[in-house]
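Breakdown of the fold
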Amino acid sequence: MATLLRSKLTNVATSVSNKSQAKVSGMFARMGFQAATDEEAVGFAHCDDLDFEHRQGLQMDILKAEGEPGGEEGSEPPVEGDIHYQRGGAPLPPSGSKDQAVGAGGEFGGQDKPKITAWEAGWNVTNAIQGMFVLGLPYAILHGGYLGLFLIIFAAVVCCYTGKILIACLYEENEDGEVVRVRDSYVAIANACCAPRFPTLGGRVVNVAQIIELVMTCILYVVVSGNLMYNSFPGLPVSQKSWSIIATAVLLPCAFLKNLKAVSKFSLLCTLAHFVINILVIAYCLSRARDWAWEKVKFYIDVKKFPISIGIIVFSYTSQIFLPSLEGNMQQPSEFHCMMNWTHIAACVLKGLFALVAYLTWADETKEVITDNLPGSIRAVVNIFLVAKALLSYPLPFFAAVEVLEKSLFQEGSRAFFPACYGGDGRLKSWGLTLRCALVVFTLLMAIYVPHFALLMGLTGSLTGAGLCFLLPSLFHLRLLWRKLLWHQVFFDVAIFVIGGICSVSGFVHSLEGLIEAYRTNAED
């Protein structure tokens, strides 16, 4: 009896907490925060939900075991309407009718979640592809000239197309000929492509690519913070490595994050601040329009460094990671294609103009981060804002990477490689905290030993950006829907796969060579 009373009281408290969180989530959704609200949160619209569901699920497992018939003497069936979660986060419907089940249609599910409009979804995609890594595009024009501008347009077209075909892989026709959504994530698509022989291989490949891209994004934030502070205050006796260490010390509390509610409120402010910074840079460039060096923009390319530019441009368009989640949270999923069109057209125009006018202003003196070219009086102010944005953006990809690692290695029951990171009471265990701290320190070490923003960005774009945006979507589309594709669709998919593969390999090799050369130079100094 005491056990049953404790179970019911805990369920009541949980229900109140869930409703409160649902109201907060609804408020953020109406403001456009239902999906990723920053360029790299990019990637995992449900990280916050996964975090809460996991820790809540551990407690519900215990309650379910105690409350099941036969589990304890005198126990009763679950009260109708109670929420019971498994360790994997999959809801178990309570006794009663199907309409009373909480799972997919409950407070944690998709039906009762506040949906977002096409404009809000477009805002999220814009945040993903118009982030602070746009600051590296003028450097790509330096080594690519007009071909670099063409690549900005080409990458927008291809990424828009692959985003659409990736969403098409979520749907299949049922026996009645109706198109229904049978998958809900990039990982689910990958697993479906590798089934039945290797049902989990595709998901593991996608998870590894996601982890690499997210961790590299965190490293880039530390690198750009150290670079900007060093160039803003060159008179101070503080090296770029020391600034990176200071930035990491500020970021260390990220290891204690349990969810993203503490930082999500800054996302909109950070994004608006970045747009203002872009406008300031363009305004300064326009004020020097008379001195623009049109003759410096060439049709030839730097064969050795242009492949690095390809990675930079591709990385600036990466948004495919979170598109399945985003489309699933739209009020009208039929508007997804239109939303992808106008967001990528806008991104293409803005990126092309920004890269061109910035390069015309500084020509051969264009630096890896374009704000470093600004006059000292303006540069310090702009760079401080950019550093603040980088530090506030760091927790989002960091938390997403931690979620993938914990889910892959610590949370899959008997298949887990290591013990769970959370205790039965939902508290983070010591080795879970150690994992998070080690990840923060790892980003610092990489930023110290490889402090090259453009090379790291090119390497990441060539390795995971091209894979997630070009190679895998086209391959999955051919594998799952090849019987229904028209000949020109097959041609496009094959062409994108081949071109993406060539660009990926070339960019990766040249970026890696550049990093090795830069490392040797630093070692000699």
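Remember, it's a predicted structure, so these values are computed and weren't measured experimentally. Just so you know, the residues in each chain are numbered from 1, in the order the chain's sequence is written. Where local features are concerned, this predicted model is filtered to residues with pLDDT of at least 70; where side-chain atom pairs are given and counted, the filter is 80 or more; whole-chain, interface and lining totals use all residues. Think of the side-chain values as coming from all heavy atoms in the structure, minus any hydrogens and water.

1. Some details on the nonpolar core
- Among the nonpolar cores identified, the biggest contains 113 residues, and Y317 and Y394 are the most heavily contacted of them.
- A helix here means a DSSP run of H or I that spans at least four residues, while a strand means a run of E at least two residues long, and both kinds are numbered starting from the N terminus. Ranked by residues supplied to this core, first place goes to helix α6 (residues 201-232) with 15 residues.
- Only heavy atoms enter the contact rule, under which two residues are in contact if any of them lie within 4.5 Å. Setting aside its immediate chain neighbours within four residues, Y394 contacts C218, Y221, V222, L251, C254, V440 and T443. Here, nonpolar core refers to any group of buried Ala, Val, Leu, Ile, Met, Phe, Trp, Tyr and Cys residues whose side-chain atoms link them within 4.5 Å. The buried label applies to any residue whose accessible area, calculated with a 1.4 Å probe on protein chains only, is under 20% of its type's maximum; exposed applies above 50%, and partly exposed to all values in between.

2. A word on the packing of helix α10 (residues 306-315) against helix α16 (residues 453-481)
- At a minimum axis separation of 7 Å, α10 and α16 run at an interaxial angle of 60°. Of the possible angle classes, the one that applies to α10 and α16 is oblique. By crossing handedness, the relation of α10 to α16 is classed as left-handed. Every residue of α16 that contacts α10 at P307, I308, G311, I312, V314 and F315 is listed here: A454, L455, M457, G458, T460, G461, S462, G465, A466 and F470.
- When the residues that make up the contact of α10 with α16 are grouped by side-chain class, the tally is 10 nonpolar, 6 polar and no charged. For helices, the fitted axis covers only the stretch in contact; all axes are lines through C-alpha atoms, and the angles between them, taken along N-to-C directions, range from 0 to 180 degrees. Should an angle lie under 35 degrees it is considered roughly parallel, over 145 roughly antiparallel, and from 65 to 115 roughly perpendicular; all remaining angles are considered oblique. Left-handed describes a crossing whose near helix is turned anticlockwise from the far helix by less than a right angle; the clockwise case is right-handed. Gly is placed with the polar residues, together with every amino acid not listed as nonpolar (Ala, Val, Leu, Ile, Met, Phe, Trp, Tyr, Cys and Pro) or charged (Asp, Glu, Lys and Arg).

3. Notes on unusual backbone geometry
- Cis geometry is adopted by the peptide bond preceding P196, which originates at A195 and carries an omega value of 0°.
- Note on placement: P196 falls in the loop between α5 (186-194) and α6.
- Even without being glycine, A363 reaches a positive phi, approximately 50°.
- With respect to the element layout, A363 can be found in the loop between α12 (336-362) and α13 (376-393).

4. Considerations on the side chain of S309
- Mapped onto the elements, S309 comes out in helix α10.
- Any pair of nitrogen or oxygen atoms within 3.5 Å is treated as a polar contact; in protein, a donor-acceptor pairing is required on top of that, and neighbouring residues in sequence qualify only through side-chain atoms on both sides. Side-chain polar atoms of S309 contact the backbone oxygen of A140, separated by 3.4 Å.
- Not counting residues within four places of it along the chain, the set of residues in contact with S309 comprises Y139, A140 and H143.

5. Description of the environment of I345
- Along the chain, I345 falls in helix α12.
- Spatially, the C-alpha atom of I345 lies 8.2 Å from that of V157, the residues being 188 residues apart in sequence.

6. So, the pattern of salt bridges
- Should a side-chain nitrogen of Lys or Arg be within 4 Å of a carboxyl oxygen of Asp or Glu, the pair is scored as a salt bridge. All chains considered together, the criterion is met by 3 salt bridges.
- Taking the shortest distance from any N to any O, the salt bridge between R181 and E327 comes out at 2.9 Å. Of this pair, R181 sits in strand β4 (residues 179-181) while E327 is found in helix α11 (residues 323-328), placing the two residues 146 residues apart along the sequence.
- Where D364 meets K296, a salt bridge forms, and the shortest distance between an N and an O atom there is 3.3 Å.

7. Brief notes about helix α14 (residues 395-409)
- For α14, spanning 15 residues, the distance from its first C-alpha to its last is 21 Å, which sits close to the expected 21 Å at 1.5 Å a residue.
- The element α14 is extensively covered by neighbouring structure, given that 13 of its 15 residues are classed as buried. Given the number of residues in a helix, its expected span is that number minus one, multiplied by 1.5 Å.

8. A short note on the environment of Y171
- Within the secondary structure layout, Y171 lies in strand β3 (residues 171-173).
- Separated by 12 residues in the primary sequence, Y171 and R183 place their C-alpha atoms 6.9 Å from one another.
- If we skip the residues at most four places from it in the chain, Y171 touches V179, V180, R181, V182, R183, E327, P333 and L481.
- A distance of 2.5 Å separates the side chain of Y171 from the side chain of E327, its partner in a polar contact.

9. Here we look at a nonpolar patch on the surface
- Patch definition: residues above 30% relative accessible area lacking any salt bridge, with like charges linked at up to 9 Å and the nonpolar side chains Val, Leu, Ile, Met, Phe, Trp and Tyr linked at up to 5 Å. Exposure was quantified through the Shrake-Rupley algorithm and a 1.4 Å probe, taking into account, for residues, occlusion by the shown protein chains and nothing else. A contiguous nonpolar patch, built from L475, V494, F497, V498 and I502 and spanning about 420 Å² of accessible area, is present on the exposed surface.
- Broken down by element, the residue count for the nonpolar patch peaks at 4 residues, all from helix α17 (residues 487-524).
- Topologically, L475 is positioned in helix α16.

10. Overview of the packing of helix α7 (residues 240-251) against helix α15 (residues 430-449)
- Two numbers describe how α7 lies on α15: the axes approach to 10 Å, and their chain directions differ by 165°. Between α7 and α15, the crossing angle belongs to the class labelled roughly antiparallel. As for how α7 packs across α15, the hand of that crossing is right-handed. Contact residues: K241, S244, I245 and T248 in α7; V440, L444 and I448 in α15.
- Grouping the constituent residues of the contact of α7 with α15 by class yields 4 nonpolar, 2 polar and 1 charged.

11. Side note on the confidence of the model for the protein
- Of the residues in the protein, 72% have a pLDDT of 70 or more, and the chain-wide mean is 75.
- When pLDDT is averaged over each element of the protein, α12 comes out on top at 93 and strand β1 (residues 84-85) at the bottom at 29. One confidence number per residue, pLDDT, is output by the predictor and ranges from 0 to 100.

12. What about α12?
- When the terminal C-alpha atoms of α12 are compared, their 39 Å separation across 27 residues agrees well with the 39 Å that a helix rising 1.5 Å per residue should span.
- Backbone geometry just downstream of α12 places A363 in the positive-phi region, at approximately 50°.

13. Regarding the state of the cysteines
- We call a pair of cysteine sulfur atoms a disulfide whenever their separation is within 2.5 Å. Considering all chains together, one arrives at 0 disulfides under this definition.
- Cysteine C159 shares no disulfide, and the gap to the nearest cysteine sulfur, in C469, comes to 4.6 Å.
- Looking at C194, it has no disulfide partner, and the nearest cysteine sulfur is the one in C193, 6.5 Å off.

14. A few points about the packing of aromatic side chains
- By convention, a stacked pair of Phe, Tyr or Trp rings (six-membered ring in the case of Trp) has centres within 6.5 Å and planes under 30 degrees apart, an edge-to-face pair has planes over 60 apart, and any other such pair is tilted. If you walk through the whole model with that rule in mind, you get 9 aromatic pairs.
- A centroid spacing of 6.2 Å and a plane angle of 80° characterise the contact between Y161 and F492, whose relative ring orientation is edge-to-face. Here the residue Y161 occupies a position in helix α4 (residues 137-168), and F492 occupies one in helix α17, the gap between them amounting to 331 residues.
- By way of ring pairs, the aromatic residues Y161, F491 and F492 are connected into one cluster.
- Of note, K351 hangs over the ring of Y317, and the distance from its end group to the ring centre comes to 3.5 Å. Two thresholds decide whether a charge sits over a ring: the Lys NZ or Arg CZ must be within 6 Å of the ring centre and within 35 degrees of the ring normal.

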